[in-house]
Amino acid sequence: MKRSICLALIVASQFCSRPVSAQKNDIAARPPMGWNSWNHFKDKVNDAAVRAQAEAMVSSGMRGAGYIYVNIDDTWEGDRDANGNIQANSKFPDMKALADFVHSKGLKLGIYSSPGSKTCAKFEGSYGHELQDAKTYAAWGIDYLKYDLCGLRDQMKDAATPEAAHQIMVDAYIKMRDALRSTGRPIVYSLCQYGNDAVWEWGATVGGNLWRTTGDISDKYTSMAAIGFSQAGLARFAGPGHWNDPDMLEVGNGGMTEDEYKTHMSLWAILAAPLLAGNDLSTMTSQTLALLTNRDVIAVDQDSAGKQGDRVSAEGPIEVWSRPLADGSKAVGIFNRHQLPLAAHVDFHTMGYSHAVKAKDLWQGKDLGSIGPAYTVTIPAHGVVFLKVWP
Ligand code: GLA
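Since this is a predicted model, take the numbers as computed values, not measurements.

Caption draft 1: The arrangement of the overall build of the protein in detail. When you go through the protein residue by residue, the secondary structure sums to twelve helices and 18 strands. Seen along its three principal axes, the alpha-carbon backbone of the protein occupies a region of about 70 × 50 × 35 Å. The buried share among the 391 residues of the protein stands at 56%. In the protein, 69% of the contacts between residues at least 6 apart in sequence involve partners at least 24 apart. Just so you have it, the protein exposes about 14,900 Å², and 52% of that area is on carbon and sulfur atoms.

This is the structure we're talking about:
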């Protein structure tokens, strides 16, 4: 669908009837992978912490596993200079030097702003300075922008109708899209407006390479599961260059069990979600590293077909999700949302297989030989059995 037609539809009905491909597929052909400061560091992020993350990303093997973006979230912003140019605050003495450092590690640097006058943490936003800020980011060597609605909601509140409020938001996202494009630098454009107004319907039309589909995650099973399992039905809106974003990872932050973190990683992989680690990479345990860098799980997330998976069935606390992969196989997650281990009975007929399938258990790294088509397996509390299956 042409962008102009789609935008006209948005104005008319806030609705684009089918997914629209993004314009800059080349910069996020796969769901972005990297790290973001917010979940662990919040306002404590600074230059030293970011450098430590970049170094750890390389030395731990995370870069080798595909993690490339080092993203500074909110609280880096300082005052504007006399000409209105945004400056970093004292926590970041030289953003260009930081970008050079990150680039020297073979990594990319991301930053954060808001279309409002203020960010969520009440730092300086980009309102009225969009082009200027985009130019500054490009001059610094920024590769990724998370653009978080926050402060703009004040203006939206004053709009006469919900449609007018929606239009203020859409226009603001288009404005920054155009500003970023005018710099000529490829900058991944990450929309953050918590999934409001069914952003998956129009996120790609405003240039989004990814868009948050929900409110903020926290490091608890209830939060992660509520977000992850709510993503059913969104698969058709994602594809190369334009991804649904159920928020950043909490793996390694300490609030969930290992089985719960496996659920987090498996579900995000099935969802073709961006994998932005949210822990302190410089102090993580080998167990956390293993969760973040399981090659088979990452291969599902980054599968070249770029087709998001979806729920196949939900029977009480047992949910089965699957994702079609480029080689004709399927990733199948059998999840137990109960707080005790449960036996799950899976019927592979529901996934289009009439006979037994070959299977590999991705967390155990173990070939299971032939299983099914009726298959019973015990799933740990809040856990998952994550399989790759093929005929
Ligand atoms: C919002 C976003 C978070 C984070 C904070 C920063 O809450 O959803 O991901 O960026 O703002 O203030």
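Back to the write-up after that little detour.
Caption draft 2: Fine view of the state of the cysteines. Per the counting criterion, the structure on display carries one disulfide. Through a disulfide, Cys120 is tied to Cys150; the S-S separation comes to 1.8 Å. Measuring handedness by torsion sign, the sulfur bridge of Cys120 and Cys150 sits at about 110 degrees and is right-handed. Separated by 30 residues along the polypeptide, Cys120 in the loop between strand S5 (108-113) and helix H6 (130-140) and Cys150 in the loop between strand S6 (144-148) and helix H7 (152-157) bring together distant segments of the chain. Using a relative accessible area of 33% as the deciding quantity, one classes Cys120 as partly exposed. Cysteine Cys192 shares no disulfide, and the gap to the nearest cysteine sulfur, in Cys120, comes to 6.5 Å. Residue Cys192 is classed as buried on the basis of its relative accessible area, which comes to 1%.

Caption draft 3: Local environment of helix H5 (residues 95-104). Along H5, the positions that sit buried rather than exposed are Met95, Leu98, Ala99, Phe101 and Val102. One side of H5 carries all its buried residues, which in axial view fall inside an arc of 160 degrees. Along its buried surface, H5 packs onto helix H3 (47-59), strand S2 (69-71), strand S4 (86-88), S5 and H6. The opening residue of H5, the one whose side-chain oxygen lies 3.2 Å from the backbone nitrogen of Lys96, is Asp94.

Caption draft 4: Spatial organisation of the site of the ligand. Taken together, 13 residues are adjacent to the ligand, and Asp73, Asp74, Lys146, Asp148 and Asp216 come closest. In the environment of the ligand, an oxygen atom lies 2.8 Å from a nitrogen or oxygen atom belonging to the side chain of Lys146. Within the contact set of the ligand, an oxygen atom lies 2.9 Å away from a side-chain nitrogen or oxygen of Asp148. Burial of the ligand by the protein amounts to 92% of the accessible area it has alone, namely 300 Å². When its residues are assigned to classes, the shell around the ligand shows seven nonpolar, no polar and six charged.

Caption draft 5: Up close: the confidence of the model for the protein. Per-residue confidence for the protein gives a mean pLDDT of 94, with 94% of residues at or over 70. Note on residues 1-25: pLDDT under 50 across the span, and 51 contacts to partners over four residues away in sequence or across chains.

Caption draft 6: Spotlight on the pairing of strand S1 (residues 33-36). Burial of S1 is two-sided: the residues Met33 and Trp35 facing one way and the residues Gly34 and Asn36 facing the other way are all buried. In terms of strand pairing, S1 meets strand S10 (residues 275-277) through three bridges, oriented parallel. When the bridges of S10 are listed, Trp35 appears paired with Ala277. Looking at chain direction, S1 and S2 are connected through three bridges and run parallel. Residue pairing in the sheet places Asn36 in a bridge with Asn71 of S2.

Caption draft 7: Quick look at the sheet that holds S1. Read across the sheet, eight strands follow the order S9-S8-S7-S6-S5-S2-S1-S10 without closing on themselves; strand pairing throughout is parallel. Since the sheet does not close on itself, it has two edges, and those belong to strand S9 (243-245) and S10, each with one partner. If you compare each strand with its neighbour and ignore which way they point, the axes differ by 25 degrees on average. Sheet analysis places strand S7 (residues 188-192) next to strand S8 (residues 210-212), joined by two bridges and oriented parallel. Looking at S8, one finds that Leu191 is bridged to Trp211. Where H3 meets the sheet, it contacts S1, S2 and S5, and its direction lies at approximately 160 degrees from that of S2.

Caption draft 8: Inspection of the domain arrangement of the protein at higher detail. Looking at the protein, the domain boundaries give domain 1 (5-301) and domain 2 (310-390). Carbon and sulfur atoms make up 66% of the area that domain 1 and domain 2 hide from each other, which totals about 2,000 Å². Sorting the residues of domain 1 by area buried against domain 2 places Phe229, Ile270 and Val300 first, and these three jointly supply 33% of that buried surface. Residues Lys360 and Asp296 are paired through a salt bridge, measuring 2.8 Å at the closest nitrogen-oxygen approach. Across the contact surface, domain 1 and domain 2 share nine residue pairs in polar contact (both at pLDDT 80 or more). Sort the elements by how many residues they give to the side of domain 1 that touches domain 2 and helix H10 (residues 258-270) lands first, with nine residues. Residues that form the side of domain 1 that touches domain 2 fall into these classes: 16 nonpolar, six polar and five charged.

Cut-offs applied
Residues numbered from 1 in each chain as written. Predicted model: local features only at pLDDT ≥ 70, side-chain atom pairs only at ≥ 80, totals over all residues. Heavy atoms only, no water. Helix = DSSP H or I, 4+ residues; strand = E, 2+ residues; numbered from the N terminus. Buried < 20%, exposed > 50% of the residue type's maximum accessible area, 1.4 Å probe, protein only. Contact = heavy atoms within 4.5 Å. Areas by Shrake-Rupley, 256 points an atom, 1.4 Å probe, with all protein chains shown as cover. Disulfide = S-S within 2.5 Å. Arc of directions from axis to C-beta. Polar contact = N/O pair within 3.5 Å; in protein donor to acceptor, adjacent residues only side chain to side chain. Near = heavy atom within 4 Å. Nonpolar A, V, L, I, M, F, W, Y, C, P; charged D, E, K, R; others polar. pLDDT = per-residue confidence, 0-100. Pairing = 2+ DSSP bridges. Axes fitted to C-alpha atoms, helices over the stretch in contact; angles between N-to-C directions. Domains from an automatic or database assignment. Buried area = accessible area lost by both parts, 1.4 Å probe. Salt bridge = Lys/Arg side-chain N within 4 Å of Asp/Glu carboxyl O.

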